[in-house]
Amino acid sequence: MNGAHDMGGVHGFGPVVPEVDEPYFHAGWERNVLGLVLALGVGGKWNIDMSRHARENRPPGEYLSLSYYEIWLAGLERLLEERGLPTRVLTAEEVPGVLARGGPANREPTRDARFAVGDAVRTLNLNPHGHTRLPRYARDKVGVVERVHGFHVFPDVNATGAGEDPQWLYLVRFTGTELWGPDGDPTSSVSIDAFEPYLEPA
Amino acid sequence: MTHSDLSDVQIRVRALESALVSGGHVDPAALDALVETYEHQVGPHLGARVVARAWVDDDYRARLADDATAAIAELGISGRQGEHMVAVFNTPEVHNLVVCTLCSCYPWSVLGLPPVWYKSAPYRSRAVSEPRAVLADFGVTLGEDVSVRVWDSTAEVRYLVVPMRPPGTEARSEDELAALVTRDSMIGVGVL
């Protein structure tokens, strides 16, 4: 979706302001939100792509008015309302193993990759209402495949609950001027990780 | 603290957590274990060990470049938001900078939880379009002859910047070298 979360290239947010000796949490409730999101995230009712969509799918003014953990809280409340209570309760004993394993997104390939390292590709001009991981600034742009990451769960479909629909995932590099025209930095480049359905031969 | 001193968000979180706990839908001991892990165990000291090893061991550096997930696992480091790692190496000609413009993807397994600025609109909006200006916000100025490579973490691959080893550190031990490595240098907004 073309939401406020898709921030690459947006003007007007001002300078980055790092905080010296920043603590991990700025209020006690942020700890609780982190714990709840991680515990319920392995509860069997939703996946990471549904979580991301639940956070980003809100009016731009609302998204921009919330702090980061407030967005996590709002997303969690929506998931509980829409998807229901967990079917699996994480125990303290399971925490080290669950965190060490994480949630790998790679799957056994069921077909050959369409593109290879060195191929020139153009990103499609896609504007879905649903979840996507193709940022707006990198649509309809020509780049070069620099790495084939593997065959990964496709967020655009996984976020809907219709299955993982794994796809080949590529590192695609664009020049600063391809992305930003004469206002771009000709000595910089930007890479994204792009799923095969985002790409066509250039 | 009286009840009226609680903010709206505190009240929401407290109500949600107590309802989930009393209903048996979350284990409070698991919540404590999760938070304790990320507040006290997982942090940039882990990434620093990877960087220091890469500085002192050319074979390790080559394995890190070839398959960072496996090379990092050699040091006993793995986990959530680090399942698919790629290491990118700063050189005198190339400086690397990591961002997630769409949310806050960050290599938790080697750097811990991200700082607020990494998740903020100023960083997410500008890192891809004006990386040198963002570096200036951190007091970093690169020469005109240094190109900037920005890595936008748009899938489940996570990027670790391996900064250049500071000059004059030839006699330092691996542990001493690890102590020199900052979180910011492994995101690419700092240099050593």
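Residues numbered from 1 in each chain as written. Chains lettered and ligands numbered in written order. Predicted model: local features only at pLDDT ≥ 70, side-chain atom pairs only at ≥ 80, totals over all residues. Heavy atoms only, no water.

## Here we look at the side chain of E17 of chain B
Counting through the fold element by element, E17 of chain B comes out in helix 1 (residues 8–22). No salt bridge is formed by the buried E17 of chain B. Its closest oppositely charged neighbour is R14 of chain B, at 8.7 Å. Discounting chain neighbours no more than four positions away, the residues touching E17 of chain B are N32 and L36 of chain A together with L31 of chain B. (Helix = DSSP H or I, 4+ residues; strand = E, 2+ residues; numbered from the N terminus. Buried < 20%, exposed > 50% of the residue type's maximum accessible area, 1.4 Å probe, protein only. Lys, Arg positive; Asp, Glu negative; His and termini not counted. Salt bridge = Lys/Arg side-chain N within 4 Å of Asp/Glu carboxyl O. Contact = heavy atoms within 4.5 Å.)

## Side note on the packing of aromatic side chains
Between two aromatic rings, the relevant description is the distance of the centres plus the angle of the planes. Overall, the coordinates contain 17 aromatic pairs over all chains when judged by the stated rule. Their ring planes at 65° and their centres at 4.7 Å tell us that W117 of chain B and F138 of chain B sit as a pair that is edge-to-face. Residue W117 of chain B is found in helix 7 (residues 116–119), and its partner F138 of chain B is found in the loop between helix 9 (131–137) and strand 3 (147–152); the two are separated by 21 residues along the sequence. Here a set of aromatic residues connected by ring pairs shows up, and it is made of F25, Y68, Y69 and W72 of chain A together with Y38 and W108 of chain B. For R55 of chain A, the ring lying beneath its charged end belongs to W72 of chain A, and the centroid distance is 4.4 Å. (Phe/Tyr/Trp six-rings, centres within 6.5 Å; stacked < 30°, edge-to-face > 60°. Lys NZ or Arg CZ within 6 Å of the ring centre and 35° of its normal.)

## Quick look at the domain arrangement of chain A
Residues and elements named next belong to chain A. Split into domains, chain A comes out as domain 1 (28–101) and domain 2 (119–201). Facing seven residues of domain 1, the contacting portion of domain 2 comprises ten residues. For the pair domain 1 and domain 2, the summed buried area comes to about 640 Å², and 45% of that belongs to carbon and sulfur atoms. Contact with domain 2 buries surface across domain 1, with D49, R52 and H53 losing the most and accounting together for 59% of the total. (Domains from an automatic or database assignment. Buried area = accessible area lost by both parts, 1.4 Å probe.)

## As for the interface of chain A and chain B
Listed as interface residues are 76 residues of chain A and, on the opposing side, 72 residues of chain B. In total, chain A and chain B occlude about 6,300 Å² of area from one another, counting both sides; carbon and sulfur atoms represent 62% of this. Scanning the region where chain A abuts chain B turns up five salt bridges. The partner of E77 of chain A in a salt bridge is R12 of chain B, and the shortest N-O contact between them spans 2.8 Å. Summed over the shared surface of chain A and chain B, the number is 34 residue pairs in polar contact (both at pLDDT 80 or more). Of all the secondary structure elements, the ones that give two or more residues to the side of chain A that touches chain B are helix 1 (28–41), helix 2 (48–56), helix 4 (68–83), helix 5 (95–101), strand 2 (142–152), strand 3 (167–175) and strand 4 (188–195) of chain A. Broken down by element, the residue count for the side of chain A that touches chain B peaks at ten residues, all from helix 1 of chain A. Of the residues belonging to the side of chain A that touches chain B, the class tally is 43 nonpolar, 18 polar and 15 charged. Summarising the sheet, strand 4 of chain A and strand 3 of chain B pair through five bridges and their orientation is parallel. Paired with V190 of chain A across the strands is V150 of chain B, a residue of strand 3 of chain B. (Polar contact = N/O pair within 3.5 Å; in protein donor to acceptor, adjacent residues only side chain to side chain. Nonpolar A, V, L, I, M, F, W, Y, C, P; charged D, E, K, R; others polar. Pairing = 2+ DSSP bridges.)

## Points about the domain arrangement of chain B
In terms of domain boundaries, chain B breaks down into domain 1 (8–40) and domain 2 (43–187). On a C-alpha basis, the centroid separation for the pair domain 1 of chain B and domain 2 of chain B is 32 Å.

## Concerning the UniProt feature "domain: Nitrile hydratase beta subunit-like N-terminal" (unreviewed entry) in chain A
Residues given the UniProt feature "domain: Nitrile hydratase beta subunit-like N-terminal" (unreviewed entry) here are residues 1–89 of chain A. As annotated, residues 1–89 of chain A has a helix share of 51% and a strand share of 0%, and its two end C-alpha atoms lie 32 Å apart. (UniProt positions renumbered as here; feature names shortened; annotations may be inferred.)

## Side note on the UniProt feature "domain: Nitrile hydratase alpha/Thiocyanate hydrolase gamma" (unreviewed entry) in chain B
Those places that UniProt annotates as "domain: Nitrile hydratase alpha/Thiocyanate hydrolase gamma" (unreviewed entry) correspond, in this numbering, to residues 8–190 of chain B. As annotated, residues 8–190 of chain B comprises 50% helix and 13% strand, and the C-alpha atoms at either end are separated by 37 Å.

## Comments concerning the pattern of salt bridges
Inspection of the entire model under this criterion finds 19 salt bridges over all chains. Here D6 of chain A ties to R136 of chain A by a salt bridge, and the two come within 3.3 Å at their closest N and O atoms. Taken together, the positions of D6 of chain A in the segment before helix 1 and R136 of chain A in the loop between strand 1 (120–123) and strand 2 put the pair 130 residues apart, joining distant regions of the chain. Under the relative-accessibility criterion, R136 of chain A is labelled partly exposed at 37%. One salt bridge in this structure joins R31 of chain A and E39 of chain B, with 2.7 Å as the shortest N-O distance. Note that R31 of chain A is positioned in helix 1 and E39 of chain B in helix 2 (residues 28–41), a pairing that runs across two chains. Taken together, the salt bridges that share partners define one network made up of D49 and R52 of chain A together with E156 and R158 of chain B.

## Looking at the UniProt feature "binding site: Fe(3+)" (unreviewed entry) in chain B
As annotated in UniProt, the feature "binding site: Fe(3+)" (unreviewed entry) corresponds to C100, C103, S104 and C105 of chain B in the numbering used here. Residue class for C103 of chain B comes out buried when judged on its relative accessible area of 12%. Relative to the helices and strands, C105 of chain B resides in the loop between strand 2 (94–99) and helix 6 (108–111). Residue C105 of chain B is classed as buried on the basis of its relative accessible area of 3%. Apart from residues no more than four positions distant in its own chain, C105 of chain B is found in contact with R52 and R133 of chain A together with C100, Y118, S153, A155 and R158 of chain B.

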